[in-house]
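# Understanding the architecture of this molecule
Letter by letter, the chains look like this.
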Amino acid sequence: MYFFYDAILANKNVGLSIFEGSEPTLYERLAHTPELETIFQDAMQTISRERNVNAALAAAVDFSPYEHLVDVGGGNAENIITLARKYPALRASVFDSPSVCHIAKANIQAAGLSGQLDTIVGNCFTDPFPQGFDCMLFCHFFTIWSEEQNLAILRKCYTSLPTGGSVVVFNMMQHDDETGPLRATLGSPYFLTLATGVGMLYTWSEYKAWMKEAGFATVTTKVLPNHHGVIIGTKG
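Below is a short write-up of the structure. (Residues numbered from 1 in each chain as written. Predicted model: local features only at pLDDT ≥ 70, side-chain atom pairs only at ≥ 80, totals over all residues. Heavy atoms only, no water.)

### What to know about the side chain of Thr196
Which entries qualify depends on this criterion: Under the scheme used here, helices are H or I runs from DSSP no shorter than 4 residues and strands are E runs no shorter than 2 residues, and both carry numbers assigned from the N terminus. Working definition: with a 1.4 Å probe on protein chains only, accessible area under 20% of the residue-type maximum means buried, over 50% means exposed, and in between means partly exposed.
Structurally, the position occupied by Thr196 is in the loop between α8 (182-195) and α9 (204-214). A relative accessible area of 10% means that Thr196 is categorised as buried.

Rendered as structure tokens:
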């Protein structure tokens, strides 16, 4: 965040200059330094556990109707491990970069869930989504990207899902009147300065509008603790 002022002037994530590599996002550059990438993934896991956000997601959304879930950008598998323990019949996979999937696979094995969970290497923007899934989960993912990128991903989800399948978006949310919460003000600069240069904490209305535009006829929302929320789009 030392580069926040410079990032505002340049309107891009100039903070990447201190990380090895030439890729346009922090997440891609972390792959050049495995130790740092592990620290980053562990930090995300710790934050989720301390705020009970993964547990809140598992409690708020009924995943029992789904057979196979893919957690896009699922990181170190913390999300699907939490869900697998509550829903033993649910199969789930992390869809992420090669280095992140390596971390996720080790965590899945350590949790003793290799028979229920796995990983799939891929890039959600350039690769086709894997087939055979009836639920696509995005946890703290859409805040990273621009409105245009998010809409493109949701359209891709709609095409990939079977009838009755759902996309579940779980994020920290901004109020529709854009007056808060304070965490939105504190969080959004990170995405500009370092992560991608384009993301922010979006409003409930923006997510619902994207879902509708992508084709999801049924869109439901759930307010969760710690300024989090869930938006679920179901394909009719």
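Continuing now.
### Describing the pattern of salt bridges
Heads up, the condition is: Any carboxyl oxygen of Asp or Glu that lies within 4 Å of a side-chain nitrogen of Lys or Arg is treated as forming a salt bridge with it.
Tallied over the full model, the rule gives one salt bridge. As a salt-bridge pair, Arg155 and Glu213 come within 3.1 Å of each other at their nearest N and O atoms. Of the two residues, Arg155 is situated in helix α7 (residues 147-160) and Glu213 in helix α9; the sequence distance between them amounts to 58 residues.

### Considerations on the packing of aromatic side chains
Short version of the rule: Each aromatic pair joins two rings of Phe, Tyr and Trp (for Trp, the six-membered one) with centres within 6.5 Å, and gets the label stacked for planes under 30 degrees apart, edge-to-face for over 60, and tilted for any other angle.
Enumeration over the complete set of coordinates arrives at 16 aromatic pairs. Ring centres of Phe138 and Phe141 lie 5.3 Å apart, and the angle between their planes is 55°; this geometry places the pair in the tilted category. Accessibility assignment for this pair places Phe138 and Phe141 in one class, buried. Judged by centre distance (4.9 Å) and plane angle (75°), the rings of Tyr202 and Trp210 are edge-to-face.

### A short note on the nonpolar core
Short version of the rule: As used here, the term nonpolar core means buried Ala, Val, Leu, Ile, Met, Phe, Trp, Tyr and Cys residues forming a set that is joined through side-chain atoms within 4.5 Å. Contacts were defined at the residue level, with two residues in contact if any of their heavy atoms lie within 4.5 Å.
Membership of the largest hydrophobic core comes to 34 residues, with the highest contact counts inside it found for Val72, Phe129, Phe138, Phe142 and Val167. Those elements giving two or more residues to this core turn out to be β1 (68-72), β4 (135-139), α7, β5 (166-172), α8 and α9. Among the elements that make up this core, the one with the highest residue count is α9 (five residues). Those residues in contact with Phe129, other than ones at most four positions away along the chain, are Val72, Phe95, Cys124, Met136, Phe138, Ile153, Lys156, Cys157 and Ser160. Ile81, Tyr87, Phe170 and Ile232 belong to the second largest nonpolar core, which has 29 residues in total.

### What about the environment of Asp96?
This is how it is decided: Any N or O atom pair separated by 3.5 Å or less is treated as a polar contact, with the protein-specific requirement of one donor-capable and one acceptor-capable atom, and with residues adjacent in sequence counted only for side-chain atom pairs.
Structurally, Asp96 can be placed in strand β2 (residues 91-96). When the C-alpha positions of Asp96 and Cys124 are compared, they lie 7.9 Å apart, and in sequence the two are 28 residues distant. Discounting chain neighbours no more than four positions away, the residues touching Asp96 are Gly73, Gly74, Gly75, Cys101, Ile120, Val121 and Gly122. Here the side chain of Asp96 touches Gly75 through a polar contact of 3.0 Å, landing on its backbone nitrogen.

Purely geometric numbers; function is a separate question.
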